[in-house]
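# Examining the three-dimensional arrangement
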Amino acid sequence: MNSDCGGLKRCGKSSPRSLVTKVGQLAYWSAVAVIFVWAAWLRFRLPLDPLADADTWGYLSPALRKLVGSEFGHTSGRNFIYPGCLFLLLRAFRDFRAISVIQHFLGLIAGGLFLATWSRLADLFPRPRLNRVAHTAIGLFGAAIYLLSNGPIFFEMQIRPDAVCMFFEMLIFWVTVQFFYYRVISPNAWKGIIYGIAIAINAFILASLKPSFMLLTLFAVASVIWLILNAKGNFIGKVAFFGIALPIIVALTLVEHYLSRSDQTAKMFLPETLFVFHAKIIEAQMAADLKSGDTDTYSREWLEGACDDLETEIQRTHNLYSDDYRSLGFGPDRLRSGADSLLHSWRRQLGDERFLRFLKYWYWHSVAHCPLAFIDKIAGQLGVFYSTNCRAFSSRTKWPLSLSYARSLAALSHPQSLQLLSKIPAGSVFLERTQTLRFSNIVVHQNRGVQICNVCSARTYLAILFVSVPLAGWFVLKRSNSEESRWPGFFLFFLRRQFRKRFRHLRRSLDGSLALLHRSLYCCSFRAALDGPMVD
Amino acid sequence: MCEKLKHCYSLNNRGRPTPFYGSTSFGNVFSISVIHSMEVNRYSTVLLIAALFAQLWAIRWLIEIGLMKRRVLWRGSKPFYVALGSVKMNA
């Protein structure tokens, strides 16, 4: 909206154009107000007592321990940032509802950041073919889908960092766009440095909250460092960037390391995760080694027993959880959760050190011997998200809240949780209210329009990605090549040959959207090339 | 440097922001696919805001491309068959 504001300031007296601008701005801010009021109503009409699940203990227990006077430390291999925030909230407000309230506000702020980022992106097009009104309307539409969907609201009610992660994702988008704006479009060295520092710190916090965001963090931080180092002059700014961002990141890392020193789960978490989620491949490798007699590292008898147990457990969980993990074909979490789980029994038999070595050995041994099986597993998992029904967009129409509270109560009813919660007044009240709410019979229905938008987005996500990313790549090649480069030509020539060879096969074997995607790519780029020289 | 960057990240270079926003989800999905499983619903749902933003940006960018004149679209490179040298460019 910046340029619009500029337009308003420039107009000294009332003219038809300024009137249109004023009406446009009024319509925009009215739409923003309606969306945010509606989003706030959707959030705050629900009970504010947060929901717990099986992972909640890892986030909540450090805060509860500190509140009852014990030491704050890691539990179940979780980080310290989210539990630390929970501790501060519970200490300040002495009410568990503060968790949901703050997370709801973060959700609304994320919607605001969505609009701010989208608005700033318009400045990257100095001569846009699509006018500003249409651009703004697309942004409003996106913010409305996010703010009015049930998925984010459900996350904001949970005691886990997913809602906070969504906020940080959007914050990183915003600071990144701001960084590029002040670095490239409207150069301002110091503002660029400030946004650069913000990117580095936010990216680190996001990766700390959820380690799966590590690649995004590395990508964003590496880009920023490269751009700052390559900027001409402003030596003091570069020193300030490293002088501020680096100590903060190092301090957070040291705190994380210090607090996790007594958490045994932190050491076991990654090896156990890698083992159980690749258990099928590892079991096949164990069986192959037993067959070939290559069992020097472990005794043959023990390994035979372990292999049989693993096979039995995979089969058992396949029958029980085949719907939850269709691609994997078994329930990996069941191999390690519970005192009677397979991994626990191995840990008892081997001891901590040998058990850790066992997990690491079999994972890396299997990676070395069956790399294709691992690639196949990764491709299968990528296919779960990059499918014709992208799971990022919630398709759930009904959300029975009483069921969620019943599960929450079950998660909080472990003896350790009950003991700690009953020691603080806010904990006892929280338990009582959760117990009441599980009989509340509240069912949250997703708005039909929002539901349709979610379904359409889920269905078209892959097709749009497959059309836009190769096209964007082609533009990059075209731009970076100069006159004599032949890469774009070869790229299109190769695509054309491949399509000619396989188009019929593709249409038969893949679903309709993938065929449509190839057609679109063919039409958009290849056809244009065939049409000959450009004549305006 | 600044002019070069301006050229790279915006304006007439009509490609780069799209892979950037697509990569934010991809980095996460790839990490989870390597270590864990994307079949856990919350790993996908947490990407809603990033996926939605990337998708809308891609749509907006495709509209921009669609509205461009072909002359502008092709400025700076030759058609592939000219580059390959197999067909003579028509006058």
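Owing to the predicted nature of the structure, the values given are computational and were not obtained by experimental measurement.

## Topic: helix H10 (residues 214-230) of chain A
Residue and element names in this part refer to chain A. With 17 residues, H10 should reach 24 Å at 1.5 Å per residue; the first-to-last C-alpha distance of 24 Å fits that figure. Among the residues of H10, Leu216, Thr217, Ala220, Val221, Val224, Leu227 and Ile228 are the ones counted as buried. The buried residues of H10 occupy an angular sector of 130° when the element is viewed end-on, so they sit on one face.

## Considerations on the packing of helix H13 (residues 279-292) of chain A against helix H14 (residues 300-321) of chain A
Residues and elements named next belong to chain A. H14 packs onto H13 with a crossing angle of 145° between their chain directions and a minimal axis gap of 10 Å. Helix-helix and strand crossings are classified by hand; for H13 and H14 the assignment is left-handed. Of the residues in H14, those touching H13 at Ala279, Lys280, Glu283, Met286, Ala287 and Leu290 are Arg300, Leu303, Glu304, Cys307, Leu310, Glu311 and Ile314. The class makeup of the residues in the contact of H13 with H14 is eight nonpolar, no polar and five charged.

## Points about the side chain of Thr56(A)
Residue and element names in this part refer to chain A. Relative to the assigned elements, Thr56 resides in helix H3 (residues 56-67). Take Thr56: its relative accessible area is 3%, and that puts it in the buried class. Within the local environment of Thr56, its side chain forms a polar contact with the backbone nitrogen of Asp53, the two atoms lying 2.7 Å apart.

## Some details on unusual backbone geometry
Residue and element names in this part refer to chain A. With phi around 50°, Arg94 is a residue other than glycine that occupies positive phi space. The topology assignment puts Arg94 in the loop between helix H4 (81-93) and helix H5 (97-121). The phi dihedral of Asn441 falls on the positive side, at around 60°, and the residue is not glycine.

## What to know about a nonpolar patch on the surface
A contiguous nonpolar surface patch, about 440 Å² in accessible area, is contributed by Met214(A), Leu215(A), Leu218(A), Phe26(B) and Phe30(B). The set of elements that each furnish at least two residues to the nonpolar patch consists of H10 of chain A together with helix H2 (17-35) of chain B. If one sorts the elements of the nonpolar patch by residue count, H10(A) sits on top with three residues. Note on placement: Phe26(B) falls in helix H2.

The rules we used
Residues numbered from 1 in each chain as written. Chains lettered and ligands numbered in written order. Predicted model: local features only at pLDDT ≥ 70, side-chain atom pairs only at ≥ 80, totals over all residues. Heavy atoms only, no water. Helix = DSSP H or I, 4+ residues; strand = E, 2+ residues; numbered from the N terminus. Expected span 1.5 Å × (residues − 1). Buried < 20%, exposed > 50% of the residue type's maximum accessible area, 1.4 Å probe, protein only. Arc of directions from axis to C-beta. Axes fitted to C-alpha atoms, helices over the stretch in contact; angles between N-to-C directions. Left-handed = near helix turned anticlockwise from the far one by under 90°. Contact = heavy atoms within 4.5 Å. Nonpolar A, V, L, I, M, F, W, Y, C, P; charged D, E, K, R; others polar. Polar contact = N/O pair within 3.5 Å; in protein donor to acceptor, adjacent residues only side chain to side chain. Patch = residues over 30% accessible without salt bridge, like charges linked within 9 Å, V, L, I, M, F, W, Y side chains within 5 Å. Areas by Shrake-Rupley, 256 points an atom, 1.4 Å probe, with all protein chains shown as cover. Salt bridge = Lys/Arg side-chain N within 4 Å of Asp/Glu carboxyl O.

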